[in-house]
Amino acid sequence: MSIRDATEADLPRLVELLDQLALDTPREERGPPLPAFYRDAFHRVDANDGQRLLVLEVDGEIVGTLVLLIIPNITHQGRPYATVENVVVEERERGAGYGRQLLTYALDQARAAGCYKLTLTSHKRRTDAHRFYERLGFDSTYEGYRVEL
């Protein structure tokens, strides 16, 4: 098992994994060919020093991913904070500890960057994920809001 930064070559598998985040209907366009907007987005992410698109590989197969953002901040004596987005482990691999490995890695990276907190959000309907995050030490401390654009 290894965790590394994603490469452009990983995009087809990442889009496949990220489509598992959809609650009701598929939301990603897998192709083939893979739509160019995924490559464009990857290049913007890759160029952002504060953002890392991570993958977890097992025996050469990507089985999990997440995005880690380290965000500069004025409060907390100027210490940054981290947030995690798009956490997904292949459905057939859930329960094998890969999600724990990914989030532990993200927490270690946030600590190394001097962050005072790491946040994440999870849809209210994802009760299994909520139990998983709580087992890792996350607290549900805020009510989240969003506007779809």
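Structure: see above.
Everything numeric here is computed off the predicted structure, so don't read it as measured data.

Remarks on the nonpolar core
Okay, so step 1: Grouped together as the largest cluster of nonpolar side chains are 22 residues, with contacts concentrated most on L56, L66, L68, V84, L103 and L118.
Okay, so step 2: Broken down by secondary-structure element, the contributors of at least two residues to this core are β2 (51-58), β3 (61-71), β4 (81-89), α3 (98-112) and α4 (127-135).
Okay, so step 3: The element that contributes the greatest number of residues to this core is α3, accounting for 5 residues.
Okay, so step 4: Residue contacts for L68: discarding those within four places in its chain leaves G50, Q51, R52, L54, A82, T83, V84, A106, Q109 and L118.
Okay, so step 5: Membership of the second largest hydrophobic core comes to 15 residues, among which are L11, L34, V45 and V55.

Here we look at the packing of aromatic side chains
Okay, so step 1: Going through the model one piece at a time under the given rule, you end up with 4 aromatic pairs.
Okay, so step 2: Relative to F138, the ring of Y133 lies with its centre 6.0 Å away and its plane at 70°, an arrangement referred to as edge-to-face. For the pair formed by Y133 and F138, the shared burial category is buried.
Okay, so step 3: Through a chain of ring-to-ring contacts, the aromatic side chains of F132, Y133 and F138 assemble into a single cluster.
Okay, so step 4: The side chain of K117 reaches across the aromatic face of Y81, ending 5.4 Å from its centre.

Notes on the side chain of E57
Okay, so step 1: With respect to the helices and strands, the residue E57 is situated in strand β2.
Okay, so step 2: There is a polar contact of 3.1 Å between the side chain of E57 and the side chain of R4.
Okay, so step 3: Those residues in contact with E57 that lie beyond four places of it in its chain are M1, S2, R4 and I62.

Some remarks on the environment of L23
Okay, so step 1: Structurally, L23 is set in the loop between α1 (11-18) and α2 (36-47).
Okay, so step 2: Remark: the alpha-carbon pair of L23 and V88, spanning 65 residues in sequence, is separated by 13 Å.
Okay, so step 3: Excluding residues within four positions of it along the chain, L23 makes contact with H123, R125 and R126.

Examining the pattern of salt bridges
Okay, so step 1: Throughout the structure, instances matching the rule amount to 15 salt bridges.
Okay, so step 2: A salt bridge links E57 to R4, with the nearest nitrogen and oxygen atoms 3.1 Å apart. Here R4 lies in strand β1 (residues 2-5) and E57 lies in strand β2, a separation of 53 residues in the sequence.
Okay, so step 3: By relative accessible area, E57 is classed as buried at 19%.
Okay, so step 4: For R4, a relative accessible area of 24% corresponds to the partly exposed category.
Okay, so step 5: As a salt-bridge pair, E61 and R13 come within 3.6 Å of each other at their nearest N and O atoms.

Cut-off values and rules
Residues numbered from 1 in each chain as written. Predicted model: local features only at pLDDT ≥ 70, side-chain atom pairs only at ≥ 80, totals over all residues. Heavy atoms only, no water. Core = buried A, V, L, I, M, F, W, Y, C linked by side-chain atoms within 4.5 Å. Buried < 20%, exposed > 50% of the residue type's maximum accessible area, 1.4 Å probe, protein only. Helix = DSSP H or I, 4+ residues; strand = E, 2+ residues; numbered from the N terminus. Contact = heavy atoms within 4.5 Å. Phe/Tyr/Trp six-rings, centres within 6.5 Å; stacked < 30°, edge-to-face > 60°. Lys NZ or Arg CZ within 6 Å of the ring centre and 35° of its normal. Polar contact = N/O pair within 3.5 Å; in protein donor to acceptor, adjacent residues only side chain to side chain. Salt bridge = Lys/Arg side-chain N within 4 Å of Asp/Glu carboxyl O.

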